[in-house]
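Below, each chain spelled out in residue letters.
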Amino acid sequence: MGQLVPREAVALLGQARRVVIFTGAGMSAESGVPTFRDALTGLWQRFDAQALATSQAFRDDPALVWGWYEWRRSIVGRARPNPGHLAVAAIEARVPDGALVTQNVDDLHERAGSPAPVHLHGSLFAPRCVACAHPAPVPAEEEPAEGRRVPPPRCAHCSAPVRPGVVWFGEALPQEALAAAVEATSSCDLLLTVGTSGLVYPAAEIPQVAARFGAAVIQVNPEETPLDAVADVNLRGPAARVLPALVEAVWGGTDPA
Ligand code: BV8
Ligand code: ZN
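Residues numbered from 1 in each chain as written. Chains lettered and ligands numbered in written order. Predicted model: local features only at pLDDT ≥ 70, side-chain atom pairs only at ≥ 80, totals over all residues. Heavy atoms only, no water.

### Here's the deal with the site of ligand 1
Point 1. The environment of ligand 1 is made up of 36 residues, and the closest members are Phe36, Arg37, Tyr69, Gln103 and Ser197.
Point 2. Here Gly170 contributes a backbone N or O atom positioned 2.7 Å from an oxygen atom of ligand 1.
Point 3. With respect to ligand 1, the backbone of Ala239 contributes an N or O atom lying 2.9 Å from a nitrogen atom.
Point 4. Protein chains shield 74% of the accessible area of ligand 1, which is 1500 Å² for the free molecule.
Point 5. Contributions of two or more residues to the shell around ligand 1 are made by helix 2 (26–29) and helix 6 (62–78).
Point 6. Taken together, the residues of the shell around ligand 1 break down into 18 nonpolar, 12 polar and six charged. (Near = heavy atom within 4 Å. Polar contact = N/O pair within 3.5 Å; in protein donor to acceptor, adjacent residues only side chain to side chain. Areas by Shrake-Rupley, 256 points an atom, 1.4 Å probe, with all protein chains shown as cover. Helix = DSSP H or I, 4+ residues; strand = E, 2+ residues; numbered from the N terminus. Nonpolar A, V, L, I, M, F, W, Y, C, P; charged D, E, K, R; others polar.)

Here you go:
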């Protein structure tokens, strides 16, 4: 356990009064949800996600893009929160104050018991009309195969196509979510960044904002990332193993007080 969780990380989390937990796709990797850049399962490799995750791609071929998101949503529907998600919820229950800020569009943090994750990049479970932005119902479970085109539903109010409720490249992040994330990050004493490559902006700024305001930064990632330079402690390992070990070392178990 010791080599997994150095004393410094245990002390930082144990004495934290206000912690921001910042998560990326690596958080859900052990639940079987593909990340963006992992060679084997990476969404980038198969679909050039960066090209598909744009409003232009949706305009060009709404069925291809809607089908891609419905395929991703079906994977999330079959997935379960992993011990890392549960450990995040345990930290939130034990540290007096803080926030969970996620770049993920899945609902695994919610299903693990996190009360109010801040979704910087939206959610697979909040489709809306591309024209009048009216919220649309989440379609009943289909099982779209990978790469199958599925024509998007039509808005009940103006019959324009419904789009996924995620933030595409070139789109502004939801003002409210970004403001909440910056507010929490600029006043926390510890930022725990988990499973993100730290390459997509402005979300990737979050750990740097925390450090700039004097917070300690702990990173959990099996690989090196640009955030290594910002982190005070780098825990080199998978979230589903490292986070429960960290919670165990600080509080002796993951069930909240
Ligand atoms: C904007 C939702 C302006 C959609 C996503 C040049 C320089 C700087 C910026 C730019 C630039 N060119 C363009 C930009 C802007 C662009 C950007 O940053 N591009 C990058 C590629 C350079 N950003 C934008 O366009 C943003 N908007 O700038 O708008 C604007 C302003 C005002 C008005 C109008 C416009 C919007 C960006 C949001 C895009 N949407 N997601 C969808 O899901 O399809 S981004 C998506 O990729 C994720 O949400 C995440 O944010 C990002 C990266 O993914 P990660 O979560 O980090 O996952 P990744 O696969 O990359 O890494 C996984 C990590 O986990 C790895 O490190 C791996 O080692 C680790 N891991 C693996 N297994 C485990 C693990 N860790 C722990 N445990 C494990 N088991
Ligand atoms: Zn509409």
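### Some words on the packing of helix 1 (residues 7–15) against helix 11 (residues 239–251)
Point 1. Packing of helix 1 against helix 11 brings their axes to within 9 Å, and their N-to-C directions diverge by 70°. It follows that helix 1 is roughly perpendicular to helix 11 by the angle criterion. Crossing handedness for the pair helix 1 and helix 11: right-handed. The residues of helix 11 that touch helix 1, namely those facing Ala9, Val10, Leu13 and Gly14, are Leu246, Ala249, Val250 and Trp251. (Axes fitted to C-alpha atoms, helices over the stretch in contact; angles between N-to-C directions. Parallel < 35°, antiparallel > 145°, perpendicular 65-115°, else oblique. Left-handed = near helix turned anticlockwise from the far one by under 90°. Contact = heavy atoms within 4.5 Å.)

### Some details on the nonpolar core
Point 1. Judged by nonpolar contacts, the single largest core of 30 residues is most densely connected at Ile91, Leu190, Leu192, Ile218, Val220, Leu235 and Leu243.
Point 2. Of all the elements in the fold, those that place two or more residues in this core are helix 1, strand 1 (18–23), helix 7 (83–94), strand 6 (190–194), strand 7 (216–220), strand 8 (233–235) and helix 11.
Point 3. In terms of residue count, the dominant contributor to this core is helix 11 (six residues).
Point 4. Those residues within four positions of Ile91 in sequence are excluded, and the remaining contacts are Leu13, Val19, Ile21, Leu192, Val247 and Trp251.
Point 5. Phe58, Trp68, Tyr69 and Val150 belong to the second largest nonpolar core, which has 22 residues in total. (Core = buried A, V, L, I, M, F, W, Y, C linked by side-chain atoms within 4.5 Å. Buried < 20%, exposed > 50% of the residue type's maximum accessible area, 1.4 Å probe, protein only.)

### What about the domain arrangement of the protein?
Point 1. Each domain of the protein was delimited in the assignment, giving domain 1 (1–31 + 80–122 + 172–257) and domain 2 (34–78 + 128–163).
Point 2. Inter-centroid distance (C-alpha atoms) of domain 1 to domain 2 is 27 Å.
Point 3. Counting residues at the interface gives 10 residues for domain 1, matched by seven residues for domain 2.
Point 4. At the boundary of domain 1 with domain 2, total buried surface from both sides reaches about 580 Å², with 63% on carbon and sulfur atoms.
Point 5. Summed over the shared surface of domain 1 and domain 2, the result is zero salt bridges.
Point 6. Counting across the interface, domain 1 meets domain 2 through one residue pair in polar contact (both at pLDDT 80 or more).
Point 7. In terms of residue class, the side of domain 1 that touches domain 2 is made up of four nonpolar, two polar and four charged. (Domains from an automatic or database assignment. Buried area = accessible area lost by both parts, 1.4 Å probe. Salt bridge = Lys/Arg side-chain N within 4 Å of Asp/Glu carboxyl O.)

### Looking at the packing of aromatic side chains
Point 1. Tallied over the full model, the rule gives three aromatic pairs.
Point 2. Where Phe58 meets Trp168, the ring centres are 5.6 Å apart and the plane angle is 35°; that geometry is what we call tilted. Of the two residues, Phe58 is situated in helix 5 (residues 55–60) and Trp168 in the loop between strand 5 (162–166) and helix 9 (175–185); the sequence distance between them amounts to 110 residues.
Point 3. Since its relative accessible area comes to 2%, Trp168 is described here as buried.
Point 4. Ring plane angle 70° and centroid distance 4.9 Å describe the contact between Trp68 and Tyr69, whose orientation is recorded as edge-to-face. Tyr69 shares its class with Trp68; the two are buried.
Point 5. Ring pairing ties together the aromatic residues Phe58, Trp68, Tyr69 and Trp168, which thus form one cluster.
Point 6. One Lys or Arg, Arg72, reaches over the ring of Trp68 and ends 4.7 Å from the middle of that ring. (Phe/Tyr/Trp six-rings, centres within 6.5 Å; stacked < 30°, edge-to-face > 60°. Lys NZ or Arg CZ within 6 Å of the ring centre and 35° of its normal.)

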